[in-house]
Amino acid sequence: MAMKKIAVFTSGGDAPGMNAHIRAVARTCRARGVKCIGIVGGYSGMINGKFIKLGKKKTANIISRGGTILKTSRSKEFIKPGGRAAAAESIRESGIDGIIACGGDGTFHGAHALWQEHKIPIVGTPGTIDNDLFGTEYTIGFDTAINTATEAIDRIRDTADSHGRVFIIEVMGRHAGHIAMNVGISCGAEYIAVPETVTNLDTLFHRILKQGRKSRTIVIVGEGDEVGGAADIAKLMNEKFDLAAKVTILGHVQRGGSPTVRDRVLASHLGVAAVDALLQGQTDVMIGKTYNDICYTPLEETWAKQKPLRPFLIELSDLLA
Ligand code: F6P
């Protein structure tokens, strides 16, 4: 049976480019003669039947905006089978034939369960600043986040340089070091601590000494590092080497702001591809992009398979530190 109504929603941590994605989905639906619905508030909105029509007007002038016009949530109710059953019922009642779920691994766990248990066709699109999903080279929001973080750290570098201080700066990336590694290289950091490599405080101290205890030193820490966050590492460095360092946690500033060109183009391309994938009968897959080609990865693989940090990036970070 041909699909007549497709819904899109955003879920988990918001990511710059989600609006460009929603816009692309709505406009592709229009071009293909399919109705487009927006589910407001992620899985919670699905359970509570918060559906809106997504036409050309509603999606005008949003391509440059950060956040998500459809809002987002991390729904506790949807984790339970009863919550998913309620969501499935409200989807069927509203005549939605297929769904596009834009988010990260938590979102995809939910989407996979909805397909397994209720056979509602659903595809995922990678929307997270963490870039930690297997099956796509980049996720929507990653490029903006690393550019935002780089800009902020360039400012810190100025003051660090003026005072001759050591700064330990924490960036996001729950379990993965993609943000930290890319930002660290782009800022010329002296040391980059990520969960994928063993953080060695002696090496870190050595690099600081190489600069001079009272010289500007930038250390980037991915929040998921096995030693801890920036505050933990600063505390340990103080206890072990009597080193006073300033700590900055960039936090949610990395999630906001107008998306970069790369994120807008990626989000738009994946939006078109997601609608077409549903119309072609795909389900339970993530629509990703590798080397300019659209590819489909079973949702389960996107979180079960590791997306490693590129080894050449790790080499670069050591060589250029
Ligand atoms: O998954 C994206 C992300 O921004 C992670 O980098 C971070 O650990 C997490 O979300 C923070 O989530 P919340 O905004 O719910 O605190």
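Keep in mind that this is a model prediction, so the values were computed, not measured. (Residues numbered from 1 in each chain as written. Predicted model: local features only at pLDDT ≥ 70, side-chain atom pairs only at ≥ 80, totals over all residues. Heavy atoms only, no water.)

(A) Here's a closer look at the domain arrangement of the chain. Once the domains are mapped, the chain shows domain 1 (5–141 + 259–304) and domain 2 (143–255). For domain 1 and domain 2, the distance between their C-alpha centres works out to 33 Å. Contacts between the two partners involve 13 residues from domain 1 and, on the opposite side, twelve residues from domain 2. In total, domain 1 and domain 2 occlude about 1100 Å² of area from one another, counting both sides; carbon and sulfur atoms represent 50% of this. Taken as a group, Ile 129, Asp 130 and Thr 260 account for 43% of the area that domain 1 buries against domain 2, more than any other trio of residues on that side. The interface formed by domain 1 and domain 2 contains one salt bridge. The salt bridge partner of Asp 14 is Arg 255, with a shortest N-O separation of 2.7 Å. (Domains from an automatic or database assignment. Contact = heavy atoms within 4.5 Å. Buried area = accessible area lost by both parts, 1.4 Å probe. Salt bridge = Lys/Arg side-chain N within 4 Å of Asp/Glu carboxyl O.)

(B) Up close: the site of the ligand. In the region of the ligand, the neighbouring residues are Arg 74, Thr 128, Ile 129, Asp 130, Met 172, Gly 173, Arg 174, Glu 223, His 252 and Arg 255. Interatomic distance of 3.5 Å between a side-chain N/O atom of Arg 174 and an oxygen atom of the ligand. Contact between the ligand and Arg 255: an oxygen atom at 2.8 Å from a side-chain N or O atom of the residue. Compared with its free state, where it exposes 400 Å², the ligand has 75% of that area covered by protein. Residues from two domains meet in the shell around the ligand; each of domain 1 (5–141 + 259–304) and domain 2 (143–255) gives at least three. (Near = heavy atom within 4 Å. Polar contact = N/O pair within 3.5 Å; in protein donor to acceptor, adjacent residues only side chain to side chain. Areas by Shrake-Rupley, 256 points an atom, 1.4 Å probe, with all protein chains shown as cover.)

(C) Just the packing of helix α7 (residues 201–211) against helix α8 (residues 230–241), in detail. Packing of α7 against α8 leaves a shortest axis separation of 11 Å and a crossing angle of 75 degrees. Regarding the angle of α7 to α8, the classification is roughly perpendicular. Contacts from Leu 201, Asp 202, Leu 204, Phe 205 and Ile 208 of α7 reach α8 at Ile 233, Leu 236, Met 237, Lys 240 and Phe 241. Residue composition of the contact of α7 with α8, by class: eight nonpolar, no polar and two charged. (Axes fitted to C-alpha atoms, helices over the stretch in contact; angles between N-to-C directions. Helix = DSSP H or I, 4+ residues; strand = E, 2+ residues; numbered from the N terminus. Parallel < 35°, antiparallel > 145°, perpendicular 65-115°, else oblique. Nonpolar A, V, L, I, M, F, W, Y, C, P; charged D, E, K, R; others polar.)

(D) Focus on the sheet that holds strand β7 (residues 191–193). Ordered in space as β7-β8-β6-β9, the four strands form an open sheet in which the pairing is parallel. The sheet is open, and its two edges are formed by β7 and β9 (246–249), each paired on a single side. On average, each strand axis in the sheet is tilted by 20 degrees relative to the strand beside it, whichever way the strands run. Sheet topology note: the strand β6 (residues 166–171)/β9 ladder contains four bridges and is parallel. By the bridge assignment for β9, Phe 167 is matched with Lys 246. (Pairing = 2+ DSSP bridges.)

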